[in-house]
Number of protein chains: 2
Amino acid sequence: MNYSKLLKFMLLAILPTASMAQQDKLSQYVKPLIGTAKMGHTFPGATVPFGAVQLSPDTDTIPYAVNGKYNGEVYRYCAGYQYDDPTIVGFSHTHFSGTGHSDLGDILVMPTQGKVQLNPGTADNPASGYRSAFSHDNEVAETNYYKVKLDKHNILAELTTTTRVGMHRYTFPSSDQSHIILDLTAGIYNYDGKNVWTFVRVLNDSTITGFRQTNGWSRTRTVYFAIKTSKKFKNYGAKYMDAASPYKGFWRKFDQQNNHPDLAAHNIKMHLDFDTQEGEEVMMKVALSPVSMRNALENMEVETPHWNFDQVVAAGKEAWEKELGRYQVDMLNQEDLVNFYTSVYHANLMPTVYMDVNGQYKGLDQEIHQAKGFTNYTSLSLWDTFRAFHPWLNLVDPKRNADIVSSMLAHYDQSVLKMLPIWSHYANDNWCMSGYHSVSVVADAIIKGVYQGDAEAALAACVQTANARKYEGIGAYIDFGYVPDDVNGTSVSNTLEYAYDDWCIAQLAKKLGKTAIEKEFTKRAGYWKNLYDSRIGFMRPKDSQGKFREKFDVLDTHGQGFIEGNTWNYSLYVPHQPEEMMQVMGGAKRFEVYLDSLFTMHLPDHFFANTEDITREGIIGNYVHGNEPSHHVAYLYNITKSPWKTQERVRQIIRNQYHNGPAGLGGNDDCGQMSAWYLFSSLGFYPVAPGETSYWLGSPLVKSAKIQLDAGKELRVIAENQSEKNVYVSKVFWNGEELKTFKIDHLAIMKGGELKFIMAAKPKK
Amino acid sequence: MNYSKLLKFMLLAILPTASMAQQDKLSQYVKPLIGTAKMGHTFPGATVPFGAVQLSPDTDTIPYAVNGKYNGEVYRYCAGYQYDDPTIVGFSHTHFSGTGHSDLGDILVMPTQGKVQLNPGTADNPASGYRSAFSHDNEVAETNYYKVKLDKHNILAELTTTTRVGMHRYTFPSSDQSHIILDLTAGIYNYDGKNVWTFVRVLNDSTITGFRQTNGWSRTRTVYFAIKTSKKFKNYGAKYMDAASPYKGFWRKFDQQNNHPDLAAHNIKMHLDFDTQEGEEVMMKVALSPVSMRNALENMEVETPHWNFDQVVAAGKEAWEKELGRYQVDMLNQEDLVNFYTSVYHANLMPTVYMDVNGQYKGLDQEIHQAKGFTNYTSLSLWDTFRAFHPWLNLVDPKRNADIVSSMLAHYDQSVLKMLPIWSHYANDNWCMSGYHSVSVVADAIIKGVYQGDAEAALAACVQTANARKYEGIGAYIDFGYVPDDVNGTSVSNTLEYAYDDWCIAQLAKKLGKTAIEKEFTKRAGYWKNLYDSRIGFMRPKDSQGKFREKFDVLDTHGQGFIEGNTWNYSLYVPHQPEEMMQVMGGAKRFEVYLDSLFTMHLPDHFFANTEDITREGIIGNYVHGNEPSHHVAYLYNITKSPWKTQERVRQIIRNQYHNGPAGLGGNDDCGQMSAWYLFSSLGFYPVAPGETSYWLGSPLVKSAKIQLDAGKELRVIAENQSEKNVYVSKVFWNGEELKTFKIDHLAIMKGGELKFIMAAKPKK
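Residues numbered from 1 in each chain as written. Chains lettered and ligands numbered in written order. Predicted model: local features only at pLDDT ≥ 70, side-chain atom pairs only at ≥ 80, totals over all residues. Heavy atoms only, no water.

This next bit is on the overall build of chain A. Across its full length, chain A carries 20 helices and 38 strands. Computed over its C-alpha atoms, the radius of gyration of chain A comes to 26 Å, within 12% of the 27 Å expected for a compact globule of 765 residues. Expressed as lengths along the three principal axes of its C-alpha atoms, the size of chain A is roughly 80 × 55 × 50 Å. For chain A, the proportion of its 765 residues judged to be buried stands at 69%. Long-range pairs, those at least 24 residues apart, make up 69% of the contacts in chain A between residues at least 6 apart in sequence. With the model as given, the accessible surface of chain A reaches about 23900 Å², and the carbon-plus-sulfur share is 50%. The centroid of the 76 positive side-chain charges in chain A is displaced by 3 Å from the centroid of its 83 negative side-chain charges. (Helix = DSSP H or I, 4+ residues; strand = E, 2+ residues; numbered from the N terminus. Rg over C-alpha atoms; globule rule 2.2 N^0.38 Å. Buried < 20%, exposed > 50% of the residue type's maximum accessible area, 1.4 Å probe, protein only. Contact = heavy atoms within 4.5 Å. Areas by Shrake-Rupley, 256 points an atom, 1.4 Å probe, with all protein chains shown as cover. Lys, Arg positive; Asp, Glu negative; His and termini not counted. Charge placed at Lys NZ, Arg CZ, Asp CG, Glu CD.)

Set out below in structure tokens:
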């Protein structure tokens, strides 16, 4: 981003927008555009907390693959939007926030005028299609409200949502050729053949229902929809983008291109035509359902039984105020306030509600289920989110995390593989990343008293998942005590993550008095030791003959037995047994040197290029904050002789990795994990090993904070003498009593109280 | 078929098979192999009356289209089986009976041994695939039982069904490489891309569920299934036949080819592997559902909660005995008995139950519906079946036809086009053939007191359908009083059929006292006159300027404004106003000459070739019995001075068109219509114009018959002096009273009684 653009953005970010008269509310500090440039992969559009609809502009639709070949450029469009792009293709209804692979972008809508164009055209020649140029000067992105002027035809587009409904308000210039394009072929990470089937019924001159079935990151995914327009369309049309089907009966009987209400094909594009007066508003509601068109209509009727766009905006903003209002923080400056509340925002987007207003949802088994006593959620990027995001919910929103655990256990019940989710994705598992971190989320929620369902059944699901011998080397892991290098390409990260997960199972078994399981999994929790090569002082791939791999590069990530992290980072991934790890790695002194080196060494460009999902700014030395495996690392100084270095590094990471501005995130936000790290760390503590109730202390960023906990309890954090320079903690008090360790317990915090840090400019050595 | 083959077949046909000890039952006269050679398009496999499962061998799987180009050869395989073929590809679970286009063939199963082969191979080299040679010597086809020895591996295959479950019993030789192939890509009228999606879950070592979604004759069709084997498979495997999907996550995580229970792709083939002892029986149950895998499992549990194959055979045979037992007939010879009961059989196959045991079904709107108070049916080939099949049900099985009408009205309620079905096809309409003959079926059922639901709503559905202006020239038909030649390619047959259908609506409106509707549609019922060209004495295409087409061939079917009939046949298609038609065509004498000519003229080969769906034997002169438009024509002599010619021609058609033997049908059985014509005609009367209660008299074939009617009533038909030569009727008595016209009323018959024909060798002139 060039400097003038940055300046404009900063102005937008700092000056509350006047549009919605929300100046006195916390939403003013939420800047959805943060993370929309470069690697943040956040989306700027409208949504409510954990809403099923994320109605957001897509700035390009380049294909994920052409002729089966991956197109690396598409990676930029995980959330559909890149801040530096000059055009908007349209507004689609589903977006992941911060992922490093993608899907969705369902039901792309674009208002246009003039000759009907059903192809998006190109960014350098928007006149070649239905897309339009736009300027950030004319763009507003707020909680549950997005506005942009589409330059091509001077159409103002405004977007808002309820949980299951996206609402559009388009202000058209005068024309007898105003259109709304429905591109049902468009999608994020699209490729030829991704659209498995599309079915559309035009029920009347202002109502359309249908479904779109895709085979993408999620293999068997169907999104049902219902659409209503506030104004009757005078005419509509459809085009099938498929190779011709050999059976021509439908074509002989009907003109299917013009005003034909019964459409079905692999790929369908449609246009709705209107006469518009100058400045005339045409609104549109798009409701989604995982189950049926009928349910989509019901969702619409229940959530938006009217055409009051502003009321929908306001209700969604109120929902955001409720979430944001859990936190009253005093920060050092405005930028920190924006970072804090935008982090809250980003940590309240995913997972998303995957259930209709009547409680029905589609299960992993592709059957319709009724959620009994819980809200069903999908889009669980667990490899990312088990670390801080779910622990954060356990602290501030335990009911929601209990529902998420219920959703995971329902997924397990529906799994023909008898596995908890790896990456729960719209009634599918996309199996992304390593480990089986559902067990961490389940164990942490039960151990912290958050999930109060059948704990023994939950433990059984964890054990069964951890014994899925055919999945990613688990069988060999059980047999060898590590995943052999010749069995699996990411053998080291898998071994380390399995060992941590197994420790979680052991903790849960212990709590439930299941001694045999505790013993078995406590043993497995130590398997990380089997891959530590003391000769080189790093974790290292070992084959099934027990031989460490000879050709091995400690700086490289690719092809070394790891995923999204080299061994410099991953060798520290023993969050559950850090003291043992430190001893194995040569004791406190040597361990501290290791940590110092990690943060200060230079990672040459070649190795940086092989580190996925981050910008150059996402790295400090060789510490990769933009990816997750090291998120606990800064806190590890607490067990060395220099805990002050934790305080220093945490503040450094906050200052280095979180900025206002579209490029403010140094790596993928990863469904709220990066934001949850920020939130914990800014309060001065962090869950190094979810599954135990301790938080490790760091250095708070807030001056003070009041956090609403469950049952009317409150956590107050006070950082006395807080300043930009006073990053070190000289003393910590819990409810007036000085803490003698660098830990504080979750169960103590949940009773409410005051955590007071005395900050200082110099470390306490 | 060569002579020795014919002889073998005749022996099989005449000698009751000993297998099932059914000698004393009527099933002995049912020969499912009739119609399986040439153009009959019947299937020989196992099914129960109107069963949702038709489990039958497929003898080839040649594609419907290659690279989008139609392959004419596939037409032979509308029912999957051609008698003269040397190999069987496998046994699939859904088949149309007697259609002239096709689809289905779902879940193809084949037992094999040795190396796993997942492709069918070719007929001339069965070793190249999983198919096997077979001999008719080792084949038995009976009601609800089919048996064949598969020569390649000497495996005995036996098939039987319940309404929703197909049951297989395979007797294997000894091998540690016995297999059951599940080819989920196979289908009838298949083509590359027809399989939209396939989803499979292997629940345990003997249970599989899944669905198969296709885009064929039916556009958006999904068949859900559940499979159980009586013996656990020791191993199983799957192969995706698709071009690679660009997202490889699934493949990196799992070996999906071997024992992986979670499968989904466009095209999947599977194999189940067993060790078998010599002569070991392995059984398999395959349950279908239109709604869900869960429902398929429930269907299986309810209908076949055991592994007693013989009990399933016996229960299905009992169901057949119940249907066959409605008719006690005394015929001139054994062949006639076989023709009669096989016609009953063929008239009890379709439509098929399309509803789960719990009452759920998928509607035209692709939503799940609960059938309230009726059994839902699909596969309604109405252009064929409105003529005699539905009237036949009104006579002998009115409850079933009432349910069919309810199914059609449910289809209407679910139709976004607000149309009754044209060709109801598994929650779709395939729009095949002309007219909107649902209205005939609805009107006939209400006028005859069969359908007792909301008659006014039914009338409204008929009127709405008849005013679907965008469908096949209806708008122009309403505006011009005929379908103009320049608007629609089959303008004449459409005009004639619409006019008849409109008359049906008028009759229904009259019954309900809806005078305005009666008047409107009575007017439309006369629109046939607008296409009669008195200069040439034929119906003829006319353009929207009112000008008859100049270049016009009275013998040709193709491109002349007709479908499945030239103008010689179609000019007679005014079943509702035959006297007016006769007057328009020059009066009784000239009309009789016309009919005589039709039956005696020679249709040159070129024009025969353009007459679809029939063999040379399906024609008498230029009268085409193998297609439907002339099915009433032989009865039209009744309004000339020579009703004896009706008697002569009806007997001639029966003798000419219906034979024992695989090639016994001269044209497609068309979902029971050809058979229903036979059944009516063999009893001596026929519904020339469904919608009126009169039957027209012909010449009975039976010597005597007792037909069970509703409510304990009985129709007795007696043909005194019946013989091969005595085809003429000298007198007819109803309950002892001589009939003075050649008509008898349905409502009289339904009260029960005796219809006595006095047969004679010479006509009564």
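For the pair chain B and chain A, the superposition axis carries a translation of 0.0 Å, the fit reaches an RMSD of 0.0 Å, and the rotation angle comes to 180°. Expressed as a symmetry operation, the mapping of one chain copy onto the other fits a two-fold axis. Among all residues of chain B, the one whose C-alpha sits closest to the rotation axis is V196 of chain B, at a distance of 3.1 Å. By residue overlap, the copies meet face to face through one surface: 100% of the interface positions of chain B are interface positions in chain A. (Least-squares fit on C-alpha atoms with pLDDT ≥ 70 in both.)

Chain B puts 59 residues into the contact, and the matching count from chain A is 59 residues. Across the interface of chain B and chain A, roughly 5000 Å² is buried in total on both sides, 58% from carbon and sulfur atoms. Counting across the interface, chain B meets chain A through 4 salt bridges. Put simply, K253 of chain B and E472 of chain A hold a salt bridge, and the shortest N to O gap is 3.0 Å. For the interface between chain B and chain A, the tally reads 27 residue pairs in polar contact (both at pLDDT 80 or more). Of all the elements, strand β13 (residues 195-204) of chain B adds the most residues to the side of chain B that touches chain A, at 6 residues. Counted by class, the side of chain B that touches chain A contains 28 nonpolar, 20 polar and 11 charged residues. (Buried area = accessible area lost by both parts, 1.4 Å probe. Salt bridge = Lys/Arg side-chain N within 4 Å of Asp/Glu carboxyl O. Polar contact = N/O pair within 3.5 Å; in protein donor to acceptor, adjacent residues only side chain to side chain. Nonpolar A, V, L, I, M, F, W, Y, C, P; charged D, E, K, R; others polar.)

Okay, the packing of aromatic side chains next. Residues and elements named next belong to chain B. Applying the stated criterion to the full structure yields 102 aromatic pairs over all chains. Taken together, a centroid distance of 5.8 Å and an interplanar angle of 65° make the contact between F680 and F685 edge-to-face. Each member of the pair, F680 together with F685, is buried. Cation over ring: R221 sits above Y426, and NZ or CZ is 5.1 Å from the ring centre. The ring of W644 carries K765 above its face, with NZ or CZ at 4.4 Å from the centroid. (Phe/Tyr/Trp six-rings, centres within 6.5 Å; stacked < 30°, edge-to-face > 60°. Lys NZ or Arg CZ within 6 Å of the ring centre and 35° of its normal.)

With that out of the way, let us pick up the side chain of R164 of chain B. Residue and element names in this part refer to chain B. Here R164 shows up in the loop between β10 (155-161) and β11 (165-172). Here R164 falls in the buried class, since its relative accessible area comes to 10%. Side chain to side chain, R164 and E303 meet in a polar contact 2.6 Å long. In this structure, R164 is in contact with A52, V53, V286, A287, L288, N299, E303, V353, M355, D356 and V357, ignoring residues within four places of it in sequence.

Our focus in this paragraph is the sheet that holds strand β33 (residues 704-708) of chain A. All names here are of chain A. On the basis of which strands lie adjacent, the open sheet formed by 6 strands has the order β20-β33-β34-β38-β35-β36 and mixed pairing. Here the strands that pair on one side only, and so sit at the sheet edges, are β20 (327-330) and β36 (737-738). The sheet contact formed by β33 and strand β34 (residues 714-720) spans 5 bridges and is antiparallel. Bridge pairing links A705 to V717 in β34. (Pairing = 2+ DSSP bridges.)

This part covers the sheet that holds strand β35 (residues 728-734) of chain B. Paired through their backbone hydrogen bonds, the strands of a sheet run either parallel or antiparallel. Residues and elements named next belong to chain B. The 6 strands lie next to each other as β20-β33-β34-β38-β35-β36, forming an open sheet whose pairing is mixed. Whereas interior strands pair on both sides, the edge strands pair on one side only; in this sheet they are β20 (327-330) and β36 (737-738). Pairing analysis gives 6 bridges linking strand β34 (residues 714-720) to strand β38 (residues 753-760), with the strands arranged parallel. Note on β38: the bridge partner recorded for V717 is L755.

Residue and element names in this part refer to chain B. Looking at where K547 falls in the secondary structure, it is placed in the loop between β28 (538-539) and α14 (567-570). The class for K547 is partly exposed, based on a relative accessible area of 47%. In this structure, the C-alpha to C-alpha distance between K547 and P484, residues 63 residues apart in sequence, is 9.3 Å.

All names here are of chain A. Looking at chain A as a whole, its pLDDT mean stands at 94, while 96% of the residues score no less than 70. Ignoring residues within four places in sequence, the model shows residues 10-23, a span with pLDDT below 50, making 23 contacts including any to other chains. Taken over the whole predicted complex, pTM reads 0.95, whereas the ipTM for its chain interfaces reads 0.95. (pLDDT = per-residue confidence, 0-100.)

Let us now look at the pattern of salt bridges. Residues and elements named next belong to chain A. For the coordinates displayed, the defined rule picks out 78 salt bridges over all chains. For R549, the salt bridge identified is with D485, shortest N-O distance 3.0 Å. A residue pair is termed long-range when its members are at least 10 positions apart, and R549 in the loop between β28 (538-539) and α14 (567-570) and D485 in the loop between α11 (474-480) and α12 (491-511) qualify at 64 residues. For R549, a relative accessible area of 21% gives the class partly exposed.

What follows concerns the environment of P700 of chain A. Residue and element names in this part refer to chain A. Position of P700 among the secondary structure elements: in the loop between β32 (694-697) and β33. When the C-alpha positions of P700 and H632 are compared, they lie 15 Å apart, and in sequence the two are 68 residues distant. Setting aside anything within four residues of it in sequence, one finds P700 in contact with R651, S681, S682, L683, G684, A719, Q722, V729, F757 and M759.

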